[in-house]
Amino acid sequence: MPAQTIQLRVKVDAERQSATVEAAKGVDPAALSAGAIESSLIGEGVEITPRVRATLKQLADAVAKRVAAGEPAGGFQAVVARAQPVRPGKDGRVEWFAKALPGDFDLNSPELQNFLCAAPGDDAVDFYAQSKYVTVEAGQVVGRVYPAVEGEDGRDVLGRVIAVKPPVAAKAGIDETMVVDAAGRIVAQTQGVLSHGASQATISKRIEVDHFVDFSTGNICFSGDVHIRQGVRDKFRVEAEGDVEIDGLIEAAEVVAGGSLNARGGFAGREVGRAVTGGDLHARYLDQVEAEVGGDLRVDREVVNCRVAVFGGVDCPTGALVGGRLTATGRVEIGTLGSAGAAPTELAIGAVPRLEAAYLPMQAILDELDAEHESLMTERKRLADLGRYGPLSAPNRERDTEVSFALAENRRLAERARPVAWSLSAQIERERTYDLEVIRRVHEGVRLVTPRQTYVFRDEVSGPLRVSANDQGELLYRKGSGGDARPLTEVTDSAAGSLSAVA
């Protein structure tokens, strides 16, 4: 045994990852048979596996060839056993399918600068259209949860188990706005904007923008409410089916709200800014903005050089309307109309834009039908006059048939359109409101437009001034809280107006 230890040595490394056989040069060939080496390994505690036995056979065959060739049997070192490595598992993971387009652009990046300098129509990425907010629909598959995959333990060369690290299970961190089905798919349960972080995911009916709407966010188009804590930069668009709140300045941008818009920081449109609301619009001020307000308009300061159609009333008792045109359906209360510099200022009252938009095309169709009817009746009379002098010629008989058919079709269309037009007209008259109160003053040159008359103030008139209409639709005014109502024509020049003038 001592001789074997000297001539054949087995070494196991400190981590027990391999076992090595070292054979001295003068070793007896018999000591290097597969069985002899296996015995030495067992003596050192090495686990004999099928793979180890196959290695030992290859080693013994190599020694036999050396001996047959007249070479010494020993004088080598060989690794005869290796540990079975751990086969690691896979951690569970969550993959989100609905991903935002690239956002948070570097404002100094070459790509963005090239876009800003590009001529219209250039084939380039539209950075305004990029958005960091992802909207999803109910029932949409927005992601998938992949389960963890278990690994396999390893074994060192002595047969001891090398434990594999357990995989980490996936945690979707979703709330009631999503569910995970049996196939691991994450399914949206509501419409909204998807947001997901390291530990929590939700679908919200409200977007909160902490800074500006600019290249870091892209345009916003959302089915719920939007709250922007700063402002909206030039050329960007915010569209929401719900309410929109903007704490800072709206520049030359576009804001569309299915609900109400609260522009706390004001709106400086520079003649291209636009706002459309289904509900009310409240603004600190409006400057060079085009707006359509489905509800009431409330302005804290001034409305300057704007074109605004309001389907409700106007509440601006401490502000002013300076320049531009404002059309209102309901009551108007305003601090000042016009300016000392006689900026062309026009206020249209008694308008019902929402209904007039439907009535005017219908009335135009009726006018065309009436004109066509008159022309056809003239043609029929001409043919009837010819018939008094004898039978009509074949072409005239054919023409008489065509005229009869055209008259019947004309009557059919008119009978369908006229009741609709009459109904709209009656509803418009019921909803007309002639109720204007000016708190401080009306400046010279201000135009007050109604469907029937346009009134131009000849001189400045101090307030408070209350304007209403009599049964004939003529405007009357009353100074202060008392006194008789007098014709507005005493302080204005007037000219005939039309319904289309205030539409």
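What you see is a predicted model; the values in this text were computed from it and never measured.

## Considerations on the pattern of salt bridges
Taken as a whole and assessed by the stated rule, the structure comprises 40 salt bridges. Residue Arg-185 is joined to Asp-181 by a salt bridge in which the shortest nitrogen-to-oxygen separation is 2.7 Å. Given the relative accessible area of 36%, Arg-185 is considered partly exposed. Taking the shortest distance from any N to any O, the salt bridge between Arg-301 and Glu-302 comes out at 3.8 Å. Given a relative accessible area of 36%, Arg-301 falls into the partly exposed group. The partly exposed category is assigned to Glu-302, whose relative accessible area is 24%. Linked through salt bridges whose partners overlap, the residues forming this network are Arg-206, Glu-208, Asp-210, Arg-229, Glu-245, Asp-247 and Arg-264.

## Some thoughts on the pairing of strand E15 (residues 225–228)
Inspection of the sheet shows strand E13 (residues 206–209) paired to E15 by four bridges, in the parallel sense. Note that in E15 the partner of Arg-206 across the bridge is Asp-225.

## Observations regarding the packing of aromatic side chains
Any two aromatic rings considered together are summarised by their centre-to-centre distance and by the angle between their planes. Inspection of the entire model under this criterion finds one aromatic pair. Relative to Phe-236, the ring of Phe-215 lies with its centre 5.1 Å away and its plane at 80°, an arrangement referred to as edge-to-face. You can see Phe-215 sitting in the loop between E13 and strand E14 (220–222) and its partner Phe-236 sitting in the loop between E15 and strand E16 (237–240), a full 21 residues away along the chain. By the burial criterion, Phe-215 is buried, and Phe-236 matches it. When the ring centre of Tyr-146 is taken as reference, the NZ or CZ atom of Arg-93 above it lies at 4.0 Å. Here Arg-233 stacks its cationic end above the ring of Phe-212, 3.7 Å away from the centre of that ring.

## Notes on the packing of helix H2 (residues 34–43) against helix H3 (residues 50–68)
Interaxial distance between H2 and H3 falls to 9 Å at its minimum, and their mutual angle equals 130°. For the element pair H2 / H3, the angle class is oblique. As for how H2 packs across H3, the hand of that crossing is right-handed. Residue-level inspection shows Ala-34, Ile-37, Glu-38 and Leu-41 of H2 in contact with H3, the latter providing Val-52, Arg-53, Leu-56, Lys-57, Leu-59 and Ala-60.

About the thresholds
- Every chain begins its residue count from 1, and numbering advances along the sequence as written.
- Side-chain atom pairs in this predicted model are given and counted only at pLDDT of 80 or more, local residue features only at pLDDT of at least 70, and totals for whole chains, interfaces and linings cover all residues.
- Processing note: side-chain calculations cover all non-hydrogen atoms of the structure and skip hydrogens and water entirely.
- Note on definitions: salt bridges are taken to be side-chain nitrogens of Lys or Arg within 4 Å of carboxyl oxygens of Asp or Glu.
- Burial classes follow relative accessibility: with a 1.4 Å probe on protein chains only, a residue under 20% of its type's maximum area counts as buried, one over 50% as exposed, and anything between as partly exposed.
- Should DSSP find at least two bridges between two strands, the strands are taken to pair.
- In this text, helices come from DSSP runs of H or I with a minimum length of four residues, and strands from runs of E with a minimum of two, each type numbered from the N-terminal end.
- What counts as a ring pair is set by centres within 6.5 Å for rings of Phe, Tyr and Trp (its six-membered ring), and what kind of pair is set by the plane angle: stacked under 30 degrees, edge-to-face over 60, tilted for all other angles.
- We call a charge positioned over a ring when the NZ of a Lys or the CZ of an Arg lies within 6 Å of the ring centre and within 35 degrees of the ring normal.
- Here the axes come from fitting lines to C-alpha atoms, over the contacting stretch only for helices, and the angles between their N-to-C directions go from 0 to 180 degrees.
- Roughly parallel here means an angle under 35 degrees, roughly antiparallel means over 145, roughly perpendicular means 65 to 115, and every remaining angle is called oblique.
- We call a crossing left-handed when the near helix sits turned anticlockwise from the far one by less than a right angle, and right-handed when that turn is clockwise.
- Contacts: residue pairs with any heavy atoms within 4.5 Å of one another.

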